[in-house]
Amino acid sequence: NVTKQEIIDTIQVIFDAEKYLNPKEIDFTTPVHFSFFMDADNDGISNRLQSIKNVYNQYFKGIDPDLKVYEPLNLQGRNVGLFIFTKGEGDETGDLEDVVISIIQKGDFKNLYLHADSFVSTNESFSNGTTFKYYPKKAKIGVAGQLRCSGEDIETILMKSDFLNTTHESFKKNFNVLRIKKFINDMFT
């Protein structure tokens, strides 16, 4: 979860980016864009968006953006975008793990996922005594990806996986993956 202070610090960087960069190394004619990716979790999209707006309005009273999820906005010459992960099309809650699981529990990955799900469900006691918080969804994805580093974040699991290849058709045609691609394209056009 993102803390209130992290949101404040990030918004401050957006509008004072030049202060944090070495002007000798940066050509300021190049546009700087900011994308925020976060999980909806159980809070839901509208609550996540409202909390971002509340923090924003508290610290930047002179600028009132019409910030929307999945639609980049130009603020003072900088594109700012907010992408919130949900379980799927029409869902209000969820996270990136839900996106990946929705892909791997069907099609070519279905059998692999069923075995990973069974293994993790049967062996949850292995997580006891570790220094990391245990996340069953991450564990299933890690086992399905045949990784030996179960503490990795989802992005790293997908990059290092021998079996969960993101160039596979199941990933390419997934609703959330297509929405992410559109969002990124819109950020830079």
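These notes cover the structure that comes with them.

Thresholds applied
- Residues numbered from 1 in each chain as written.
- Predicted model: local features only at pLDDT ≥ 70, side-chain atom pairs only at ≥ 80, totals over all residues.
- Heavy atoms only, no water.
- Helix = DSSP H or I, 4+ residues; strand = E, 2+ residues; numbered from the N terminus.
- Buried < 20%, exposed > 50% of the residue type's maximum accessible area, 1.4 Å probe, protein only.
- Contact = heavy atoms within 4.5 Å.
- Areas by Shrake-Rupley, 256 points an atom, 1.4 Å probe, with all protein chains shown as cover.
- Salt bridge = Lys/Arg side-chain N within 4 Å of Asp/Glu carboxyl O.
- Axes fitted to C-alpha atoms, helices over the stretch in contact; angles between N-to-C directions.
- Parallel < 35°, antiparallel > 145°, perpendicular 65-115°, else oblique.
- Left-handed = near helix turned anticlockwise from the far one by under 90°.
- Nonpolar A, V, L, I, M, F, W, Y, C, P; charged D, E, K, R; others polar.
- Pairing = 2+ DSSP bridges.

Along the backbone of the protein chain there are 9 helices and 3 strands. Moving toward the C terminus, one meets the helices and strands of the protein chain in the order α-α-β-α-β-β-α-α-α-α-α-α. Out of the 189 residues in the protein chain, the part that is buried amounts to 37%. Expressed as a percentage of contacts within the protein chain between residues at least 6 apart in sequence, the contacts between residues at least 24 apart total 61%. Counting only carbon and sulfur atoms, one obtains 52% of the accessible surface of the protein chain, whose full area is about 11700 Å².

Enumeration according to the criterion identifies 6 salt bridges in this entry. Residue Glu-97 pairs with Lys-138 through a salt bridge whose shortest N-O separation is 3.9 Å. Of the two residues, Glu-97 sits in helix α4 (residues 96–104) while Lys-138 sits in helix α6 (residues 136–144), which places them 41 residues apart along the sequence. By relative accessible area, Glu-97 is classed as buried at 10%. For the salt bridge of Asp-186 with Lys-182, the shortest nitrogen-to-oxygen distance reads 2.6 Å. With Asp-186 and Lys-182 both in helix α9 (residues 175–187), this residue pair falls 4 residues apart, about one helical turn.

Next up on the list: the packing of α4 against α6. It is the contact of α4 with α6, at a shortest axis distance of 10 Å, that shows an interaxial angle of 45 degrees. What the angle tells us is that α4 and α6 run oblique. Our pair here, α4 against α6, has a crossing hand that is left-handed. Along the contact surface, α4 presents Glu-97, Asp-98, Val-100, Ile-101 and Ile-104, while α6 presents Lys-137, Lys-138, Ile-141 and Ala-144. Considered class by class, the residues forming the contact of α4 with α6 number 5 nonpolar, no polar and 4 charged.

Along strand β3 (residues 78–85), 8 of the 8 residues are buried, which leaves the element largely enclosed by surrounding structure. With burial as the criterion, each face of β3 is covered, one bearing Arg-78, Val-80, Leu-82 and Ile-84 and the other bearing Asn-79, Gly-81, Phe-83 and Phe-85. As paired strands, strand β1 (residues 34–39) and β3 are joined by 6 bridges and run parallel to one another. Looking at the pairing, Met-38 lines up with Ile-84 of β3. Across 3 bridges, strand β2 (residues 73–75) lies against β3 in antiparallel orientation. Following the sheet pairing, Leu-75 is matched in β3 by Arg-78. The hairpin formed by β2 and β3 contains 2 residues between the paired strands, and Gln-76 there has a positive phi angle of roughly 50 degrees.

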